[in-house]
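So the chains spell out like this:
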Amino acid sequence: MRIALGLDTDGPIDKTIERATRLHDRGFRSLWSSQIFGPDTLTALALVGHELRDLDLGTSVVPIQPRHPSMLAAQARTVQEAIGGHLSLGVGLSHQVVVEGLWGISFERPAKYMREYLDALAPMLRGEKVNVQGERVRAVTMSPLGPRVVATPSLLIAALGPKMLKLAGTLADGTVLWMTGPKTIAAHIVPTIRDAAAQAGRPAPRVVCALPITVTSDIAGARERLNTEYAIYATLPSYAAMLEREGAKEPADVALLGSKEHVLEQLHGLAEAGVTEFSGAPSGTSGEREGALEVLHDYEHNA
């Protein structure tokens, strides 16, 4: 299992590059960033990756509704060229409360929308012409999009439910997970996506798992902070369903939390569950975050 870290891209871009440089200098070579309400993540990653050419960079994830697939494909291919061919493009459906409440876009039939979107996006990323005339997505290209790239960006889907996992296994290179514990990954995520990929004749899919991580002796205090920091996720239906499936009542129940030895055991458990890449989101005090970085570095270089 490969180790990555979440990269905060909020704030001035110079600060984002400084954060990435510090992690790079500590030996981390894979960074993932979310697109939420702040700066454009793909633009930030293009600048980071142009400075640090040996980094693997990923989005976890870019919501698809505000961007037509031709625009996203052109942007992703441009980023791929800028960073030297190390982009993993994670895309997702976001959440109904955001899509309808903030953007004023319909969230109707999300799985069908994603299917039609991928029918356009995936070949566009490969530099192919498309003519998609779906119910929700229409996309026609007159010529290949974006610059010529060394390799097609890896395409990953934020897939948690059965329909989305089947799409991810059939039309993409894997999935990006959040708030999903090891039991759910082993019993639900991995079998579903692997079976879909096998039936489609595709390679074994990537399973990228992102979770909070805190190395601490103050378990009660850390749990309280984690549940406060990540409280919103327990209210969003897709993540709430994964917590329920895991038998978890709160976000802290799926976080990697405890002593260095215990967190290492949890990392090994995720690998055994079928996770191919773990993206850690260090949380807590400066000492707790530093402990998390040490454990992740040790796992990456000594596992």
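Everything in this summary refers to the structure shown in the same document. All values derive from a computational prediction rather than experimental measurement.

Overview of a nonpolar patch on the surface
Part 1: On the surface, Ile36, Phe37 and Leu102 cluster together into a nonpolar patch covering about 350 Å² of accessible area.
Part 2: With respect to the helices and strands, Leu102 occurs in the loop between helix H4 (96-99) and helix H5 (110-125).
Part 3: Relative accessible area serves as the criterion here: at 57%, Leu102 is assigned to the exposed category.

Observations concerning the nonpolar core
Part 1: Judged by nonpolar contacts, the single largest core of 91 residues is most densely connected at Leu155 and Ile157.
Part 2: If you look at the next biggest cluster of nonpolar residues, it comprises 6 residues, including Ala4, Val61, Leu156 and Val208.

Details of the pattern of salt bridges
Part 1: In total, this model carries 16 salt bridges according to the counting rule given.
Part 2: In this structure, Arg115 and Asp119 form a salt bridge, with 3.3 Å as the shortest nitrogen-oxygen distance. With Arg115 and Asp119 both in helix H5, this residue pair falls 4 residues apart, about one helical turn.
Part 3: According to the relative accessible area criterion, Asp119 is partly exposed, its value standing at 32%.
Part 4: Residue Asp253 pairs with Arg223 through a salt bridge whose shortest N-O separation is 2.6 Å. Of the two residues, Asp253 sits in the loop between helix H9 (237-246) and strand S11 (256-258) while Arg223 sits in helix H8 (residues 219-229), which places them 30 residues apart along the sequence.
Part 5: A relative accessible area of 34% means that Asp253 is categorised as partly exposed.
Part 6: One connected set of salt bridges, linked through shared partners, spans Arg109, Lys112, Glu116 and Glu135.

Focus: the packing of aromatic side chains
Part 1: A full pass over the atoms with the stated rule returns 5 aromatic pairs.
Part 2: Arranged with centres 5.5 Å apart and planes meeting at 75°, the rings of Trp178 and Tyr233 form a pair that is edge-to-face. Residue Trp178 is located in strand S9 (residues 174-178), and its partner Tyr233 is located in the loop between H8 and H9; the two are separated by 55 residues in the primary sequence. In this structure, Trp178 and Tyr233 share a single accessibility class: buried.
Part 3: Between Tyr230 and Tyr233 the ring centres are 6.1 Å apart and the planes differ by 40°, which places this aromatic pair in the tilted class.
Part 4: Taken together, the ring pairs in this structure connect Trp178, Tyr230, Tyr233 and Tyr239 into an aromatic cluster.

Brief notes about the pairing of strand S8 (residues 154-157)
Part 1: Where burial is concerned, the two faces of S8 agree: the one with Ser154 and Leu156 and the one with Leu155 and Ile157 are both buried.
Part 2: Here 4 bridges tie strand S5 (residues 87-92) to S8, and the two strands are oriented parallel to one another. Bridge pairing links Val91 to Ile157 in S8.

Describing the pairing of S5
If a strand is regular, its side chains alternate between the two faces of the sheet.
Part 1: Most of S5 sits inside the fold, with 6 of its 6 residues counted as buried.
Part 2: Two strands pair when backbone bridges link them, and strand S4 (residues 62-63) and S5 are joined in this way by 2 bridges, in the parallel orientation. Its bridge partner lying in S5, Val62 is registered against Val91.
Part 3: Regarding topology, helix H3 (residues 69-83) serves as the crossover connection from S4 to the parallel S5, and that connection is right-handed.

Observations concerning unusual backbone geometry
Part 1: Going from Ser60 to Val61, the amide bond is cis rather than trans, its omega being 5°.
Part 2: Within the element layout of this structure, Val61 appears in the loop between strand S3 (56-59) and S4.
Part 3: Here Ser94, not a glycine, exhibits a phi torsion of approximately 60°, which is positive.
Part 4: On the secondary structure map, Ser94 appears in the loop between S5 and H4.
Part 5: A residue is classified by how much of its surface remains accessible, and Ser94, at 24% relative accessible area, is partly exposed.
Part 6: Residues other than glycine seldom take positive phi values, yet Met179 does so here, at roughly 60°.
Part 7: Structurally, Met179 is set in the loop between S9 and helix H7 (182-199).
Part 8: Look at Met179 and you get buried, because its relative accessible area is 0%.

Observations concerning the environment of Pro12
Part 1: Structurally, the position occupied by Pro12 is in the loop between strand S1 (2-6) and helix H1 (13-25).
Part 2: Residue classification places Pro12 among the exposed residues on the basis of a relative accessible area of 54%.
Part 3: A C-alpha to C-alpha distance of 21 Å links Pro12 and Ser286, two positions 274 residues apart in sequence.

Overview of the layout of surface pockets
Part 1: In this structure, the second largest pocket encloses a volume near 160 Å³.
Part 2: Lining the second largest pocket are Gly181, Pro182, Lys183, Leu211, Glu246, Asp253, Val254, Ala255, Leu256, His262, Gln266 and Leu270.
Part 3: Contributions of two or more residues to the lining of the second largest pocket are made by H7 and helix H10 (260-273).
Part 4: Top element by residues in the lining of the second largest pocket is H10. It accounts for 3 residues.
Part 5: Here the lining of the second largest pocket is composed, by residue class, of 6 nonpolar, 3 polar and 3 charged.

Calculation criteria
Residues numbered from 1 in each chain as written. Predicted model: local features only at pLDDT ≥ 70, side-chain atom pairs only at ≥ 80, totals over all residues. Heavy atoms only, no water. Patch = residues over 30% accessible without salt bridge, like charges linked within 9 Å, V, L, I, M, F, W, Y side chains within 5 Å. Areas by Shrake-Rupley, 256 points an atom, 1.4 Å probe, with all protein chains shown as cover. Salt bridge = Lys/Arg side-chain N within 4 Å of Asp/Glu carboxyl O. Helix = DSSP H or I, 4+ residues; strand = E, 2+ residues; numbered from the N terminus. Buried < 20%, exposed > 50% of the residue type's maximum accessible area, 1.4 Å probe, protein only. Core = buried A, V, L, I, M, F, W, Y, C linked by side-chain atoms within 4.5 Å. Phe/Tyr/Trp six-rings, centres within 6.5 Å; stacked < 30°, edge-to-face > 60°. Pairing = 2+ DSSP bridges. Right-handed = clockwise from strand over helix to strand, strands pointing away. 1 Å grid on protein atoms, 1.4 Å probe; cavity = no way out; pocket = protein on both sides within 12 Å on 5 of 7 lines; lining within 4 Å. Points joined across faces, edges and corners; volume = space filled by probe spheres on them. Nonpolar A, V, L, I, M, F, W, Y, C, P; charged D, E, K, R; others polar.

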